[in-house]
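Letter by letter, the chains look like this.
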Amino acid sequence: MKQDRSRRTRERILDEAAVEVSTHGYAHTTVQDITRRVGMTKGAFYGQFDSKEAVADALKSHGLAKVEELSALAQEDDPLSALGRFVVGLAQCLHDDVRLRAAFRLLTDEAEAQLPGHPLDEVVKQVVGMVERARRDGWSAGHAPDDVTRLLLCVAFAAQTMPFTAGGEHHPGAWATWAWGRVSRSLHEAPP
């Protein structure tokens, strides 16, 4: 019973920290902000995590595991379908999973510091690998894989802010599917 309550407390901390980090960034999120959102004392927070950095590490681990999961699911398709499934899946997961949004905010903020061997580099490498597999099947042969990867990641992230609605609700997966269709067709054309 006590372990279950401790696990639930840890999960609440991660969820509320994710909201703060995804909204305000790591530098502008304090332990006090997190504990206020959760409704707990700092002592209770430190009973679960050693530091704000430990929370950030847990969020980044969640995000990287989610990207790995999406990548593995996408591999079940042919290379072009896998790439589309990954882009649309990432867009939908970014909408649905506040911890994933926070992880990417953390990773992006860190990447701006241009640290070599950064985890975001691994995400980019995974997508470049998917683009290269699709190229071997004849798709987007005239475009640099790094450029295509940047474009596709932009599609996934842009889906969070596009006003694409269905039935009055925001649907980033639907927008990403629409954008994927246009991008994949346009990349069949010869580059400028």
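It should be noted that the structure appears before, not after, this text.
Keep in mind that this is a model prediction, so the values were computed, not measured.

Cut-off values and rules
Residues numbered from 1 in each chain as written. Predicted model: local features only at pLDDT ≥ 70, side-chain atom pairs only at ≥ 80, totals over all residues. Heavy atoms only, no water. Helix = DSSP H or I, 4+ residues; strand = E, 2+ residues; numbered from the N terminus. Buried < 20%, exposed > 50% of the residue type's maximum accessible area, 1.4 Å probe, protein only. Contact = heavy atoms within 4.5 Å. Areas by Shrake-Rupley, 256 points an atom, 1.4 Å probe, with all protein chains shown as cover. 1 Å grid on protein atoms, 1.4 Å probe; cavity = no way out; pocket = protein on both sides within 12 Å on 5 of 7 lines; lining within 4 Å. Points joined across faces, edges and corners; volume = space filled by probe spheres on them. Nonpolar A, V, L, I, M, F, W, Y, C, P; charged D, E, K, R; others polar. Salt bridge = Lys/Arg side-chain N within 4 Å of Asp/Glu carboxyl O. Core = buried A, V, L, I, M, F, W, Y, C linked by side-chain atoms within 4.5 Å. Axes fitted to C-alpha atoms, helices over the stretch in contact; angles between N-to-C directions. Parallel < 35°, antiparallel > 145°, perpendicular 65-115°, else oblique. Expected span 1.5 Å × (residues − 1).

Novice: Hey, could you run me through the overall build of the protein chain in this one?
Specialist: Assigned secondary structure in the protein chain consists of 9 helices and 2 strands. Ordered by position from the N terminus, the helices and strands of the protein chain form the series α-α-α-α-α-α-α-α-β-β-α. With 192 residues in all, the protein chain has 41% of them scored as buried. Taking the intrachain contacts of the protein chain between residues at least 6 apart in sequence as the baseline, contacts between residues at least 24 apart amount to 61%. Carbon together with sulfur atoms contributes 53% to the accessible area of the protein chain, which is approximately 10,400 Å² in total.

Novice: Just checking my understanding: could you explain the layout of surface pockets for this structure?
Specialist: Rolled over the atoms, a probe with the dimensions of a water molecule shows which regions are left empty. Here the largest pocket is characterised by a volume of approximately 240 Å³. Forming the boundary of the largest pocket are F104, T108, L120, V123, V124, D146, T149, R150, L153, C154 and F157. The element contributing the most residues to the lining of the largest pocket is helix α8 (residues 145-158), with 6 residues. Here the residues of the lining of the largest pocket sort into 7 nonpolar, 2 polar and 2 charged.

Novice: How should the pattern of salt bridges be read in this particular structure?
Specialist: Two side chains carrying opposite charge are able to pair once their charged atoms lie near each other. Counting across every chain of the model gives 11 salt bridges. In this structure, D33 engages R36 in a salt bridge whose closest nitrogen and oxygen atoms are separated by 2.9 Å. Within this pair, D33 and its partner R36 are both found in helix α2 (residues 31-38), separated by 3 residues, close to a single helical turn. Judged by relative accessible area, which is 16%, D33 ranks as buried. Two residues, D57 and K60, come together in a salt bridge whose shortest N-O distance is 3.6 Å. Here the residue D57 and the residue K60 both occupy positions in helix α4 (residues 52-74), the gap between them amounting to 3 residues, near one helical turn. A relative accessible area of 13% means that K60 is categorised as buried.

Novice: In this structure, what is going on with the nonpolar core? I would like to understand it.
Specialist: Counting 34 residues, the largest nonpolar core has L83, F86, L90, F104, W139 and L152 as the members making the most contacts within it. With 9 residues, the top contributor of residues to this core is helix α5 (residues 79-96). Excluding residues within four positions of it along the chain, F86 makes contact with V67, L70, S71, A74, V127 and M130. In terms of nonpolar packing, the next biggest core, distinct from the first, is built from 17 residues, V31, I34, V55 and L106 among them.

Novice: Just checking my understanding: could you explain the packing of helix α1 (residues 2-24) against α4 for this structure?
Specialist: To describe two helices that pack against each other, one gives the angle between their axes and the distance between the axes. At their nearest, the axes of α1 and α4 sit 10 Å apart, and the two run at 90 degrees to each other. Viewed along their axes, α1 and α4 adopt a mutual orientation that is roughly perpendicular. The segment α1 lies against α4, with I13, L14, A17 and A18 engaging V55, A58 and L59. Counted by class, the contact of α1 with α4 contains 7 nonpolar, no polar and no charged residues.

Novice: Explain α1 to me, please; I cannot follow it from the model alone.
Specialist: With 23 residues, α1 ought to run about 33 Å at 1.5 Å a step, and its terminal C-alpha atoms sit 33 Å apart, in line with that. Residues T9, I13, L14, A17, A18, E20 and V21 constitute the buried set of α1. Two residues or fewer past α1, G25 is found with a positive phi of approximately 85 degrees.

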